Amino acid sequence: MSEPTVEEKCKPTSQQDLCIPRKKAPKDPCCSSLKIFIVALSFAYFSKTLSGTYMKSAITQIERRFDLSSSVVGLIDGSFEMGNLLFLAVVSHFGARLHRPRLIGMGCFLMAIGSALTGLPHFFMRLWLSFSFDARWVGAWWLGFFVSSAILVLAGVPFWFLPRSLPRQGEEGNENFNVDQGNKEQSVLPNTHSVKLANIAKGFLPSLKRLLCTPAYFLLLCGIVLKFSSFIGLLTFKAKYMEQQFGQSASRANFLISVLILPVVAVGIFLGGLLMKRYKLSVVAGAQLSFITSFTAFLLLLFHFSTKCDNLPVAGLTVSYNGTPEISHDEHSLMSQCNQDCSCSTSEWDPVCSDSGITYMSPCLAGCTTFTGKGKNTVFHNCSCVLTPSPVEGSRSVSLGQCPRGPRCTRSFTSYMAVTVLSSFINSLGTTPGYMITIRCITPELKSLALGIQTLVMRTLGGIPAPVYFGALIDSTCLKWGIRSCGGRGACRMYDSNMYRVIFLSLTTCLSGCSYFFIIAVIVLLRKQFRKEEVKALQQTASKQNETKLQSPEMCHPD
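For clarity, every value in this text was computed on a predicted model and none was experimentally measured.

Asks: Please clarify how the overall build of the chain should be interpreted in this entry.
Replies: The helix and strand inventory of the chain stands at 17 helices and seven strands. Burial status across the chain gives 37% buried among its 559 residues.

And the structure:
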């Protein structure tokens, strides 16, 4: 009897077909742990960005609420980055050894506590104002911090129900993955804990030295710090600039930023990544695209110097009591013959507007003696300091609030927003290509360290000091400081808008402009580097071809 062939041995019998079910390929579940993690992480990042962005939108309200200068408010805003730096080293060291999803969940809860604590001082403090009467009304600035705190709590919940390790793409349906992975982790953990800190330091310091001695990376890091400083300073005080320069309210300024600028930036970042993928741009091409888009946006921002509004006419500060334009920092200029018998306080800030378009710091400084109505409808009469062409009945009256800006200022603000939206879109096109430079110009074993050092340096040298020195320079343009009830200088009530514009825009453009010198140097270095690599690759290919020809056997021909 002949032996069965291999095919017959491997062919299952009918009984085996009935008893042993065939294994099917694992299906990709619609709600796998990997997909849940990606969705949860995206929502957590959105929540974190919402909290940080709201802090910048509430800058002016916090400044007025607690009578703080712009430099102090900038320091408070920079403290967010200080908190990040405190936990950056700890999380980087223990992140790979602990339950990473739960560690992210703890971070969300910690940020939720911090956001709630930021709004809590409102309930502990010198200040209940009527929105219908007091010009210092600041609104419910604290409410947004509690809303963002609640969102952060919700964002942290899913991470507590995720496994310690996530399956790779295509392995979501493998039931034995968690068991096998857990066994692997248990076998690896003892070796991981046995590694000493000294051994880690021995590998860290040479890697750091090697990284910082890479010319392209070091120059790119310098350019990024300058560019990030300009961006943080602009983002922190942009809404305040729109208020002081164009007379916009805080709510309207923040609304326009969120509705017009942020969506355009998001679309630009997406399109920039799409361009990188569609045309498969190299590192040099990506660097050139990032430079061109950023520099074009920089040139567009120079038009902001010409989009301006004149100083608001305020008696004793920007104009004299007879209507002559003049900038004054002297407290004595607030008094005049028309109000010297009224015993007015020069520290009071309750502005009123006259029909002539001149704003007075208070009804007393306007020389008013009587009033009618109440709340926001209060009108003050018989104001001896109000300029009128003729003593007509009721023409020497003032109403609450600063005088509105003219139609020319409205047109300038429209031009300002149009240039801002266009420049933001163009600049965002180069965001993804610029990020890819750091990843591709560094050797693979140094990429994680390069990104970590870049984040650390950006936050230390850019995110923390930029709001402080931006705020200090803005404070230098103040014309009228408020006085706290306990004494001491409070928040600025009135700025010299012309000087504000020049200083704020000059600082922003100088930081951005200096960054381009470093970026150009990076592009030149990358071109030289990749040309050398191309020549080397061609030489290696040619040498291999020559070796192949020499090693090929010669054809033998019979005589």
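Asks: In this structure, what is going on with the sheet that holds strand E5 (residues 398-400)? I would like to understand it.
Replies: In sheet architecture, strand pairing relies on hydrogen bonds along the backbone and comes in two forms, parallel and antiparallel. An order of E2-E1-E5-E4-E3 is seen for the five strands of this open sheet, with the pairing classed as antiparallel. The strands lining the two open edges of the sheet, one partner per strand, are strand E2 (359-360) and strand E3 (370-372). The sheet contact formed by E3 and strand E4 (residues 379-381) spans three bridges and is antiparallel. Looking at the pairing, Phe371 lines up with Phe380 of E4.

Asks: Explain the packing of aromatic side chains to me, please; I cannot follow it from the model alone.
Replies: Any pair of aromatic rings gets described here by the distance separating the centres and the angle formed by the planes. For the structure on display, the rule yields 28 aromatic pairs. For the pair Phe371 and Phe380, a centre-to-centre distance of 6.0 Å together with 50 degrees between the ring planes defines the contact as tilted. With a relative accessible area of 54%, Phe371 lands in the exposed category. For the pair Tyr500 and Phe504, a centre-to-centre distance of 6.1 Å together with 70 degrees between the ring planes defines the contact as edge-to-face. With Tyr500 and Phe504 both in helix H17 (residues 497-551) and four residues apart, the pair spans about one turn of that helix. The same class applies to Tyr500 as to Phe504, namely buried. Ring-pair connections join several aromatic residues into one group, and the members of that group are Tyr241, Phe246, Phe413, Tyr416, Tyr469, Phe470, Tyr495, Tyr500 and Phe504. Between Arg65 and the ring centre of Phe66, over which it is positioned, the NZ or CZ distance is 4.8 Å.

Asks: For this particular structure, what's the right way to read helix H16 (residues 465-475)?
Replies: Every α-helix carries 3.6 residues per turn, so stepping three or four residues along brings you back to the same face. For H16, the set of buried residues is Ala466, Pro467, Phe470, Gly471, Ile474 and Asp475. Taken down its axis, H16 places every buried residue within 160 degrees of arc, on the same side.

Asks: Mind showing me how you'd approach the pattern of salt bridges here?
Replies: Note on pairing: side chains with opposite charge can pair once their charged atoms come close. Summed over all chains, the structure comprises four salt bridges. Between Asp77 and Lys56 there is a salt bridge whose closest N-O contact spans 2.7 Å. With Asp77 in helix H5 (residues 70-94) and Lys56 in helix H3 (residues 33-57), this pair connects stretches of sequence that are 21 residues apart. Asp67 is the partner of Arg493 in a salt bridge, and the nearest nitrogen-oxygen pair spans 3.2 Å. Like Arg493, the residue Asp67 is buried in the burial classification.

Asks: Teacher, can you tell me more about the state of the cysteines here?
Replies: Two cysteines, two sulfur atoms, one covalent bond between them: this is a disulfide. For the structure on display, the rule yields six disulfides. Across a sulfur-sulfur distance of 1.9 Å, Cys344 and Cys364 are joined as a disulfide pair. With the S-S bond torsion at -85 degrees, the cross-link from Cys344 to Cys364 turns out left-handed. On the criterion of sequence distance, the pair formed by Cys344 in the loop between helix H12 (283-301) and strand E1 (352-354) and Cys364 in the loop between E2 and E3 is long-range, its members being 20 residues apart. The exposure class assigned to Cys344 is buried, which follows from its relative accessible area of 13%. Each bonded cysteine in the chain gets a number by its place in the sequence, and the pairs come out as 1-10, 2-8, 3-5, 4-9, 6-7, 11-12. Here Cys342 is not disulfide-linked; the sulfur of Cys344 is the nearest cysteine sulfur, at 4.6 Å. Relative accessible area serves as the criterion here: at 31%, Cys342 is assigned to the partly exposed category. In this model Cys510 remains outside any disulfide bridge; the closest cysteine sulfur is found in Cys514, 6.3 Å from its own. The class of Cys510 is partly exposed, set by a relative accessible area of 49%.

Asks: What's the story with the nonpolar core in this structure? I'm lost.
Replies: Nonpolar side chains tend to gather and get buried jointly when the protein is soluble and globular. Ile62, Leu211, Met242, Ile453, Phe504 and Leu526 are the most contacted members of the largest nonpolar core, which totals 63 residues. Sorting elements by how many residues they give to this core places helix H10 (residues 215-246) first, with 13 residues. Ranked by size, the runner-up nonpolar core spans 23 residues in total, among them Leu317, Tyr321, Trp349 and Val398.

Asks: Help me understand H10 in this model?
Replies: The end-to-end C-alpha distance of H10, which contains 32 residues, comes to 44 Å, matching closely the 46 Å that a straight helix rising 1.5 Å per residue would cover. The sharpest bend along H10 measures roughly 50 degrees and falls at Phe237. One or two residues past the end of H10 sits Gly247, with phi positive at roughly 70 degrees.

Asks: Would you explain the packing of helix H6 (residues 100-119) against helix H7 (residues 143-156) in this entry?
Replies: Helix-helix packing: each pair is described by the crossing angle between the helix axes and the interaxial distance. Two numbers describe how H6 lies on H7: the axes approach to 8 Å, and their chain directions differ by 170 degrees. Taken together, the axes of H6 and H7 are roughly antiparallel relative to one another. Note on element contacts: H7 touches H6 through Phe145, Phe146, Ser148, Ser149, Leu152, Val153, Ala155 and Gly156, opposite Gly105, Cys108, Phe109, Met111, Ala112, Ser115, Ala116, Thr118 and Gly119.

Asks: Help me understand the UniProt feature "transmembrane region" (unreviewed entry) in the chain in this model?
Replies: The residues that UniProt annotates with the feature "transmembrane region" (unreviewed entry) are residues 30-48, 68-91, 103-129, 141-162, 216-235, 255-276, 283-305 and 502-526. For residues 216-235, the end-to-end C-alpha separation is 28 Å, with 100% helix and 0% strand making up the annotated structure. Here residues 283-305 is 83% helix and 0% strand, with 35 Å between the C-alpha atoms at its ends.

Asks: Just checking my understanding: could you explain the packing of H10 against helix H15 (residues 447-463) for this structure?
Replies: At a minimum axis separation of 9 Å, H10 and H15 run at an interaxial angle of 40 degrees. Between H10 and H15, the crossing angle belongs to the class labelled oblique. Considering how the two elements wind past one another, H10 and H15 form a crossing that is right-handed. Across the interface between the two elements, Tyr217, Leu221, Ile224, Val225, Phe228, Ser229 and Ile232 of H10 pack against Ala450, Ile453, Gln454, Val457, Met458, Leu461, Gly462 and Gly463 of H15. Residues belonging to the contact of H10 with H15 are distributed by class as follows: eleven nonpolar, four polar and no charged.

Asks: Help me understand the pairing of strand E7 (residues 489-495) in this model?
Replies: Within a regular beta strand, the side chains point alternately toward one face of the sheet and then the other, so they alternate between its two faces. Within E7, six of the seven residues are buried, leaving the element largely enclosed by the surrounding structure. Here strand E6 (residues 478-483) hands over to E7 after five residues, with Gly487 in that stretch at a positive phi of 95 degrees.

Asks: How should unusual backbone geometry be read in this particular structure?
Replies: For Lys280, which is not glycine, the phi torsion reads 50 degrees and is therefore positive. In this structure, Lys280 sits in the loop between helix H11 (250-279) and H12. Judged by its relative accessible area of 72%, Lys280 falls in the exposed class. Look at Asn382: it is not a glycine, yet its phi comes out positive at around 55 degrees. By secondary structure assignment, the location of Asn382 is in the loop between E4 and E5.

Reading the values: rules and limits
- Residues numbered from 1 in each chain as written.
- Predicted model: local features only at pLDDT ≥ 70, side-chain atom pairs only at ≥ 80, totals over all residues.
- Heavy atoms only, no water.
- Helix = DSSP H or I, 4+ residues; strand = E, 2+ residues; numbered from the N terminus.
- Buried < 20%, exposed > 50% of the residue type's maximum accessible area, 1.4 Å probe, protein only.
- Pairing = 2+ DSSP bridges.
- Phe/Tyr/Trp six-rings, centres within 6.5 Å; stacked < 30°, edge-to-face > 60°.
- Lys NZ or Arg CZ within 6 Å of the ring centre and 35° of its normal.
- Arc of directions from axis to C-beta.
- Salt bridge = Lys/Arg side-chain N within 4 Å of Asp/Glu carboxyl O.
- Disulfide = S-S within 2.5 Å.
- Core = buried A, V, L, I, M, F, W, Y, C linked by side-chain atoms within 4.5 Å.
- Expected span 1.5 Å × (residues − 1).
- Bend = angle between axes of the 7 residues up to and from the residue.
- Axes fitted to C-alpha atoms, helices over the stretch in contact; angles between N-to-C directions.
- Parallel < 35°, antiparallel > 145°, perpendicular 65-115°, else oblique.
- Contact = heavy atoms within 4.5 Å.
- UniProt positions renumbered as here; feature names shortened; annotations may be inferred.
- Left-handed = near helix turned anticlockwise from the far one by under 90°.
- Nonpolar A, V, L, I, M, F, W, Y, C, P; charged D, E, K, R; others polar.

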